[in-house]
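Now for the letters of each chain:
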Amino acid sequence: MDTLIQDVRFGFRQLLKAPGFTAIAILSLALGIGANTAIFSLVNTVLFRPFPVRNSHELVSVSVKGKNDSVQAFSYPTYKDFRDRNDVFSGLYLTRIVVMSLSLGGSNVRIWGNLASGNYFEVLGVKAIAGRTFTPEDDKNKLGHPVAVISYGCWQRRFGGDPAAIGRDILINNHSFKIIGVAPDGFKGTDVIYSPEVWVPMMMQPWMEPGNSWLDDRGTQNCFAIGRLKPGVTRRQAEASLNALAQQLAKEYPNEEEGKTVELIPPGFIISTFRSAIVSFSAVLMVAVALVLLIACVNLASLLLARATDRRREVAVRLAIGASRWRIIRQLLTENTLLALAGGVFGVMLAAWLIDLVLAFKPPIDIPLGIDLALDWRVIGFSVLASLLTGLFFGLAPALQATSPDLVPALKDATRAAGFRRSRLRSTLVVAQLALSAVLLVAAGLVVRALQQVQTLNPGFETEHGLLMSFDLSLQGYDQARGEQFQRQLIERIQALPGVRAAAITDLFPLSINNSNNNFFVEGQPSERGANVPTAMVASVSANYLTTMNIPLLAGRDFSEQDTDKSTPVVIVNEAFVNRFLPGLQSLQQAIGKRISTRGPEGPWRQIAGVTKTGKYWTLSEAPQPFVYFPLRQSPNISWNTLVVRTVSDPLPLAGAIRSEFQKLDPGLPVVDVKTIRQHLGLSLYPARVAAGLLGSFGLLALVLAATGIYGVMAYSVSQRTREIGIRMALGANKNDVLQMVVRQGMTLMLIGLGIGLVCAVAVTRLMASVLYGISSTDVVAFAAVTLLLVLVVFVACYIPARRAAKVDPMVALRYE
């Protein structure tokens with residue numbers, strides 16, 4: 001221990017004696033370790049951090065899959081069968097996200113919460129910090145126990161943390177609920193990014209979603225289940241048992257349950273596809289920042305090699321007076337570890353700043369999303385481990401080389417021969433830097449190119465001069481008749497405003513986070529059952545919706561005011577629906593008049609009145625998928641609607657006038673999520689923009705580190721060859737000859753590194769093909785841009801020391817030692 005303390009003290013003194021070297025080394029490592037720490041905090045949150053519940057490792061999300069591995073949800077009757085008849089869970093609960101209207105201080109506030117089965121808190125092992133949580137007894141009878149548990153954040157933000165809030169009656173959706181407890185601080189269920197404010201028992205669903213009571217409908221699959229495995233039961237055993245139960249239910253209820261399979265996945269995201277997408281994205285980012293750290297480490301190795309050359313005489317003296325090689329290696333490794341730990345400290349500080357910066361950019365959506373990227377002990381441990389491995393592994397080769405000098409030349413400080421050998425090693429490191437930078441820059445360039453491609457994509461509707469406003473009549477106590485009257489009056493009033501071209505209402509605007517699907521049966525075709533029934537996305541829209549959205553109509557007609565509950569039931573389908581479910585037609589016009597049903601093979605039937613061009617409905621990168629429009633007056637929905645207003649010019653100045661029309665019809669109706677269609681598209685572009693921003697930043701960071709590395713090598717090479725350059729100039733070489741010689745050396749390294757990097761990039765970017773919408777993984781533009789950028793940067797990095805070399809005075813150089 002005494003020797004270690006002595007090494008640490010001496011190491012500090014040595015680093016303080018070379019402040020320039022120390023600062024550059026620490027900065028390089030801080031950039032690499034900071035980027036890695038920031039991204040690892042995301043990986044830690046998604047994969048490793050346990051939920052604040054009892055034994056969270058026992059929890060699994062029960063994912064139901066149908067035909068073609070499509071993810072489906074649970075119906076409440078199906079959940080009860082799985083809850084009561086399984087033998088692998090000690091508990092299984094059900095949740096559903098709901099929007100609520102909370103009345104506080106005479107005004108209505110729109111909040112997000114969860115419907116949860118009565119055993120929700122019991123299965124999770126979570127107790128209230130004030131009051132109590134609801135129990136299975138509170139969830140036995142429909143509308144029997146109007147109670148609510150609020151989150152800690154809701155308690156502090158909306159009730160000021162008042163203990164008297166427990167037991168207080170509040171109005172949710174104009175119904176009285178009693179607050180019975182407050183959830184612990186930091187608890188938000190088992191969702192990584194969603195933060196509910198209120199939990200209410202599942203049996204209160206008719207009040208939470210007025211006019212849409214689905215509790216007894218086995219065909220309505222809109223809830224998600226999470227179970228706690230019994231001790232000793234593995235995930236594979238549980239899957240086998242649950243799939244056997246699913247097959248048994250398929251025999252009992254073939255129309256709803258046939259063809260379903262069960263897969264158990266870690267909890268954290270409501271839909272398993274969200275989890276796989278975020279895990280894949282995190283993996284790509286970790287690979288990117290690992291390359292950045294590797295480039296920083298190569299920079300460190302180059303700096304240590306240069307420093308080892310300067311300390312050759314010191315090392316030789318130590319060896320000559322009896323110091324062992326291992327003793328000196330240990331001293332050098334101690335210095336390197338101190339450097340790496342200092343880089344790690346500054347890296348953690350940088351990571352904290354990066355995390356705050358990333359969290360400041362939230363997606364354009366009003367859902368309470370929040371992901372905790374805290375620097376917990378796992379993240380700090382990762383940073384410390386990365387620092388130690390960096391210092392030991394990348395400091396070992398310079399330490400070994402520094403402790404193996406030829407003693408006599410080293411004592412005489414004859415550096416030229418030894419320096420030449422070391423410069424070859426540093427040149428190899430520079431080639432590695434350039435190759436790694438090329439791989440990272442190509443990946444970033446491809447993502448940026450994909451973003452450009454997506455931004456120019458036609459989503460299937462007009463994006464200019466459109467305004468969106470959302471509202472929910474059911475939360476204000478409207479019945480069906482009154483709600484339909486409000487919708488008709490609202491459209492009439494908005495269309496009468498100056499500057500408005502058209503207006504319409506839909507319950508599902510394209511490229512929102514919502515996704516609603518229905519089963520479909522085609523008249524005259526063999527029918528399927530259960531999960532094998534064809535499905536399509538659906539929306540209920542008002543008359544002239546297609547005209548308002550400027551969605552191309554390929555055959556038939558748009559909905560009109562004559563499509564009422566007393567006229568022939570009709571639908572409009574898109575081209576993908578016709579191609580998939582109506583094969584063999586000679587033209588789209590032949591689809592007009594065909595009949596489909598959402599209830600079953602016996603009807604009731606709806607007639608196809610029109611066919612639209614296929615657009616984008618859930619994500620911009622989705623494959624063409626079938627879509628069906630229902631007329632709002634034949635399939636009324638007052639629970640959640642979006643008003644679409646098409647204007648002559650910029651729609652934002654009209655937002656105030658449109659709001660006033662809402663207030664004239666109902667002064668107490670909250671109008672939320674007011675934005676232009678262009679702003680709405682930002683939600684779909686958000687993941688691509690984040691990916692492009694992060695990868696682009698990491699690519700530029702790698703480029704800076706690589707440029708620094710090659711500049712350092714060239715500057716060191718010039719300093720080592722000062723005497724040689726002087727002799728050349730004394731024998732007749734001019735400045736251009738010297739300039740070309742030095743630049744040629746650097747550009748040769750660049751060509752080798754670039755060649756290796758581009759070959760590796762071709763192999764690596766094939767793994768990114770699934771996230772590169774609209775472009776190839778070998779996109780010529782991206783590869784060419786990266787090549788030109790690297791050539792330009794390396795040329796500048798070589799030209800500066802080359803110009804300095806060309807200014808060498810031959811007389812000074814000939815006397816140079």
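Rules used in this analysis
- Residues numbered from 1 in each chain as written.
- Predicted model: local features only at pLDDT ≥ 70, side-chain atom pairs only at ≥ 80, totals over all residues.
- Heavy atoms only, no water.
- Helix = DSSP H or I, 4+ residues; strand = E, 2+ residues; numbered from the N terminus.
- Contact = heavy atoms within 4.5 Å.
- Areas by Shrake-Rupley, 256 points an atom, 1.4 Å probe, with all protein chains shown as cover.
- Core = buried A, V, L, I, M, F, W, Y, C linked by side-chain atoms within 4.5 Å.
- Buried < 20%, exposed > 50% of the residue type's maximum accessible area, 1.4 Å probe, protein only.
- Phe/Tyr/Trp six-rings, centres within 6.5 Å; stacked < 30°, edge-to-face > 60°.
- Lys NZ or Arg CZ within 6 Å of the ring centre and 35° of its normal.
- Pairing = 2+ DSSP bridges.
- Patch = residues over 30% accessible without salt bridge, like charges linked within 9 Å, V, L, I, M, F, W, Y side chains within 5 Å.
- Salt bridge = Lys/Arg side-chain N within 4 Å of Asp/Glu carboxyl O.
- Polar contact = N/O pair within 3.5 Å; in protein donor to acceptor, adjacent residues only side chain to side chain.
- Axes fitted to C-alpha atoms, helices over the stretch in contact; angles between N-to-C directions.
- Parallel < 35°, antiparallel > 145°, perpendicular 65-115°, else oblique.
- Left-handed = near helix turned anticlockwise from the far one by under 90°.
- Nonpolar A, V, L, I, M, F, W, Y, C, P; charged D, E, K, R; others polar.
- pLDDT = per-residue confidence, 0-100.

Caption draft 1: Geometry of the overall build of the protein. Helices and strands together make up the secondary structure of the protein, namely 23 helices and 23 strands. Of the contacts formed within the protein by residues at least 6 apart in sequence, a portion of 81% connects residues at least 24 apart. Roughly 36100 Å² of accessible area belongs to the protein as shown, and the carbon and sulfur atoms make up 58% of that amount.

Caption draft 2: Broad picture of the nonpolar core. Ranked by internal contacts, the top residues of the largest apolar core, which has 122 residues, are Tyr 120, Phe 134, Phe 187, Tyr 545, Tyr 629 and Phe 698. When residues in this core are grouped by element, the largest group, 18 residues, is from helix α19 (residues 677-720). The contact partners of Phe 187, leaving out residues within four places of it in the chain, are Pro 52, Val 53, Tyr 120, Phe 121, Leu 124, Val 126 and Trp 199. Among the nonpolar cores identified, the runner-up in size contains 47 residues, and Val 62, Tyr 79, Phe 89 and Leu 249 belong to it.

Caption draft 3: Just the packing of aromatic side chains, in detail. On inspection of all chains with the given rule, the structure shows 26 aromatic pairs. An aromatic cluster is defined as three or more aromatic residues linked by ring pairs; in this entry it consists of Tyr 93, Tyr 120, Phe 121, Phe 134, Phe 187 and Trp 199. When the ring centre of Tyr 478 is taken as origin, the NZ or CZ atom of Arg 482, which lies over that ring, is 3.8 Å away.

Caption draft 4: Local environment of the pairing of strand β8 (residues 175-182). Two elements, strand β5 (residues 130-131) and β8, share 2 bridges in a ladder whose sense is antiparallel. Its bridge partner lying in β8, Ala 130 is registered against Val 182. Sheet topology places strand β6 (residues 147-150) next to β8; 4 bridges connect them, and they run parallel. Bridging from a neighbouring strand, Val 147 pairs with Lys 178 of β8.

Caption draft 5: Structural view of a nonpolar patch on the surface. On the surface, Leu 792, Phe 795, Val 796, Tyr 799 and Ile 800 cluster together into a nonpolar patch covering about 430 Å² of accessible area. Note on placement: Phe 795 falls in helix α22 (residues 780-806).

Caption draft 6: Inspection of the pattern of salt bridges at higher detail. Applying the stated rule across the entire model yields 28 salt bridges. Note that Lys 142 is salt-bridged to Asp 216, the shortest N-O span being 3.1 Å. Highlighted residues: Lys 142 in the loop between β5 and β6 and Asp 216 in the loop between α6 (205-208) and β10 (224-229), separated in sequence by 74 residues. For the salt bridge of Arg 678 with Glu 464, the shortest nitrogen-to-oxygen distance reads 2.9 Å. With Arg 678 in helix α19 and Glu 464 in the loop between α14 (416-455) and β12 (466-471), the pair connects residues that are 214 residues apart, well separated along the chain. Arg 678 sits in the partly exposed class, given a relative accessible area of 43%. Of the residues examined, Glu 464 reaches a relative accessible area of 36% and is grouped as partly exposed. Linked by salt bridges that have partners in common, Asp 81, Arg 85, Arg 218, Glu 252, Glu 257 and Lys 260 make up one network.

Caption draft 7: Inspection of the side chain of Thr 765 at higher detail. Relative to the elements of secondary structure, Thr 765 occurs in helix α21 (residues 735-765). Here Thr 765 falls in the buried class, since its relative accessible area comes to 1%. Only 2.6 Å separates the side chain of Thr 765 from the backbone oxygen of Ala 761, close enough to count as a polar contact. In this structure the side chain of Thr 765 is engaged in a polar contact, spanning 3.0 Å, whose partner is the backbone oxygen of Ser 777. Discounting residues that sit within four places of it in the chain, Thr 765 has contacts with Val 442, Ala 443, Leu 446, Leu 772, Ser 777 and Phe 783.

Caption draft 8: Focus on unusual backbone geometry. A cis geometry characterises the amide bond from Gly 603 onward to Pro 604, with omega recorded as 0°. Structurally, Pro 604 can be placed in the loop between β19 (595-597) and β20 (606-612). The residue Asn 174 is not glycine, and still its phi comes out positive at about 65°. Relative to the assigned elements, Asn 174 resides in the loop between β7 (169-172) and β8. For Asn 174, a relative accessible area of 39% translates into the label partly exposed.

Caption draft 9: Just the packing of α21 against α22, in detail. Where α21 contacts α22, the axes come no closer than 8 Å and their chain directions differ by 155°. Between α21 and α22, the crossing angle belongs to the class labelled roughly antiparallel. Two packed elements cross with a definite hand, and for α21 against α22 that hand is right-handed.

Caption draft 10: Seen up close, the pairing of strand β1 (residues 59-65). In terms of residue burial, β1 counts as a mostly covered element, since 7 of its 7 residues are buried. The two faces of β1 match: Leu 59, Ser 61, Ser 63 and Lys 65 on one face and Val 60, Val 62 and Val 64 on the other face are all buried. Sheet topology places β1 next to β10; 4 bridges connect them, and they run antiparallel. Following the sheet pairing, Val 60 is matched in β10 by Gly 227. Here β1 runs beside strand β11 (residues 261-265); their pairing, made up of 5 bridges, is antiparallel.

Caption draft 11: Structural detail: the packing of helix α15 (residues 480-495) against helix α18 (residues 655-665). At a minimum axis distance of 10 Å, the contact between α15 and α18 shows a crossing angle of 145°. For the element pair α15 and α18, the recorded crossing hand is right-handed. Mapping the contact onto sequence places Phe 486, Gln 489, Leu 490, Arg 493 and Ile 494 in α15 and Ile 658, Glu 661, Phe 662, Lys 664 and Leu 665 in α18. Of the residues in the contact of α15 with α18, the class split is 6 nonpolar, 1 polar and 3 charged.

Caption draft 12: Region of interest: helix α3 (residues 76-85). For α3, the full list of buried residues reads Tyr 76, Pro 77, Thr 78, Tyr 79, Asp 81 and Phe 82. Summarising the contacts, the buried residues of α3 are in contact with β3 (89-104), α7 (235-252), α8 (254-257) and β11.

Caption draft 13: Up close: the side chain of Asn 44. Position of Asn 44 relative to the elements: it lies in helix α2 (residues 19-48). The class of Asn 44 is buried, set by a relative accessible area of 0%.

Caption draft 14: The arrangement of the environment of Gln 634 in detail. Positionally, Gln 634 belongs in the loop between β21 (627-631) and β22 (641-647). Overall, the relative accessible area of 13% leaves Gln 634 in the buried class. At a separation of 3.0 Å, a polar atom in the side chain of Gln 634 contacts the main-chain amide nitrogen of Val 570.

Caption draft 15: Seen up close, the confidence of the model for the protein. Mean pLDDT for the protein: 86, with 94% of residues reaching 70 or above. For the protein, per-element mean pLDDT is lowest for helix α13 (residues 407-411), which scores 57, and highest for strand β9 (residues 198-201), which scores 97. Of the regions scoring below 50 in pLDDT, residues 415-422 engages in 11 contacts with residues more than four places distant in sequence or in other chains.

Caption draft 16: Local environment of the environment of Val 43. Take Val 43: it is sitting in helix α2. The spatial distance from the C-alpha of Val 43 to the C-alpha of Gly 445 is 23 Å, given a sequence separation of 402 residues. Not counting the four nearest positions on each side in its chain, Val 43 is found in contact with Phe 48, Ser 282 and Met 286.

Caption draft 17: Geometry of the environment of Phe 281. Position of Phe 281 relative to the elements: it lies in helix α9 (residues 272-310). Note: C-alpha distance between Phe 281 and Met 768 (487 residues apart in sequence) is 10.0 Å. Non-local contacts of Phe 281, meaning those with residues more than four positions away in its chain, are made with Val 690, Ala 691 and Leu 694.

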